[in-house]
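# A look at the structure
For reference, the chains in residue letters:
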Amino acid sequence: DTEVTQTPKHLVMGMTNKKSLKCEQHMGHRAMYWYKQKAKKPPELMFVYSYEKLSINESVPSRFSPECPNSSLLNLHLHALQPEDSALYLCASSHPGVGGETQYFGPGTRLLVL
Amino acid sequence: GDSVTQMEGPVTLSEEAFLTINCTYTATGYPSLFWYVQYPGEGLQLLLKATKADDKGSNKGFEATYRKETTSFHLEKGSVQVSDSAVYFCVGGATNKLIFGTGTLLAVQP
């Protein structure tokens, strides 16, 4: 099973709302990732968790707050977003390592900020 | 730094045509190389991968060979179908970050 699940599939929120994106995998992977993808562009890395600890934050604004409650779950908490944050948010997972590990992606959450 | 360059799209082909999407990489070492596919409205799916020179990755009729001498990983398929219409990303992975190419949109017409 190489499945990564993400909920919700679609999300519309106002700039004053607080919402959360959820990601789950049961492949035993100990590295999990959040990416942001704008239309017609490749995904951009936001955060990396390795063994439930934040290992990379790509200078993401603090209105995005990641959380890794356990080895299977990854959340992204959203607060006071801007319209330019509208995008497809992708979660991925892999075995942790020094590099080159295959990442498996979820279907994404399509976020619209009004 | 490491980079991946892939051919610009869109690529428009008729059904059963031969497909090539070029990809070259620049890296200090020898990264693992991947092709991911993204169908409309979906996430990325791993299509194939190669972890060392001369490895050939293949899946669903697609194949790509890791050529160290030309630093290339071109994607090929002998006979495309309408259902292959998607965006294809060439990706390098030498560190704990993936390096994405810009993506190539493939449109296959019946």
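Report follows, based on the coordinates.

Cut-offs used in this document
- Residues numbered from 1 in each chain as written.
- Chains lettered and ligands numbered in written order.
- Predicted model: local features only at pLDDT ≥ 70, side-chain atom pairs only at ≥ 80, totals over all residues.
- Heavy atoms only, no water.
- Helix = DSSP H or I, 4+ residues; strand = E, 2+ residues; numbered from the N terminus.
- Buried < 20%, exposed > 50% of the residue type's maximum accessible area, 1.4 Å probe, protein only.
- Contact = heavy atoms within 4.5 Å.
- Areas by Shrake-Rupley, 256 points an atom, 1.4 Å probe, with all protein chains shown as cover.
- Lys, Arg positive; Asp, Glu negative; His and termini not counted.
- Charge placed at Lys NZ, Arg CZ, Asp CG, Glu CD.
- Pairing = 2+ DSSP bridges.
- Core = buried A, V, L, I, M, F, W, Y, C linked by side-chain atoms within 4.5 Å.
- Salt bridge = Lys/Arg side-chain N within 4 Å of Asp/Glu carboxyl O.

## Side note on the overall build of chain A
The number of helices and strands found in chain A is 0 helices and 11 strands. Dimensions of chain A, computed from C-alpha atoms along their principal axes, come out at roughly 40 × 25 × 25 Å. When the 114 residues of chain A are sorted by exposure, 46% land in the buried category. Of all intrachain contacts in chain A linking residues separated by at least 6 positions in sequence, the fraction that spans at least 24 positions is 54%. As displayed, chain A offers around 5,600 Å² of accessible surface, 52% of which is attributable to carbon and sulfur atoms. Put simply, chain A has 12 plus and 10 minus side-chain charges, and the middle of one group is 8 Å from the middle of the other.

## A word on the pairing of strand E11 (residues 109-113) of chain A
Walk down a regular strand and you will see the side chains alternate between the two sheet faces. Residues and elements named next belong to chain A. The alternating pattern of E11 places Thr109, Leu111 and Val113 on a buried face, while none of Arg110 and Leu112, on the opposite face, is buried. As paired strands, strand E2 (residues 10-13) and E11 are joined by 4 bridges and run parallel to one another. When the bridges of E11 are listed, His10 appears paired with Arg110.

## Observations regarding the nonpolar core
Ranked by size, the top nonpolar core spans 25 residues in total, and within it Leu19, Trp35, Leu47, Leu48, Phe73, Leu75 and Tyr88 of chain B carry the most contacts. Put simply, the parts of the chain that give this core at least two residues each are strand E2 (11-14), strand E3 (19-21), strand E4 (23-26), strand E5 (32-38), strand E6 (44-50), strand E8 (62-65), strand E10 (86-93) and strand E12 (104-109) of chain B. Setting aside anything within four residues of it in sequence, one finds Tyr88 of chain B in contact with Gln6, Ile21, Trp35, Tyr36, Val37, Leu47, Phe62, Leu75, Gly103, Thr104 and Leu106 of chain B. Val4, Met32, Leu74 and Leu78 of chain A belong to the second largest nonpolar core, which has 23 residues in total.

## Description of the pattern of salt bridges
Residue and element names in this part refer to chain B. Under the defined criterion, the tally for this structure stands at 6 salt bridges over all chains. Notably, a salt bridge pairs Glu63 with Lys56, separated by 3.6 Å at the nearest N-O pair. Exposure remark for Glu63: the relative accessible area of 31% places this residue in the partly exposed category.

Everything listed here is a matter of coordinates, which is why it stays silent on function.
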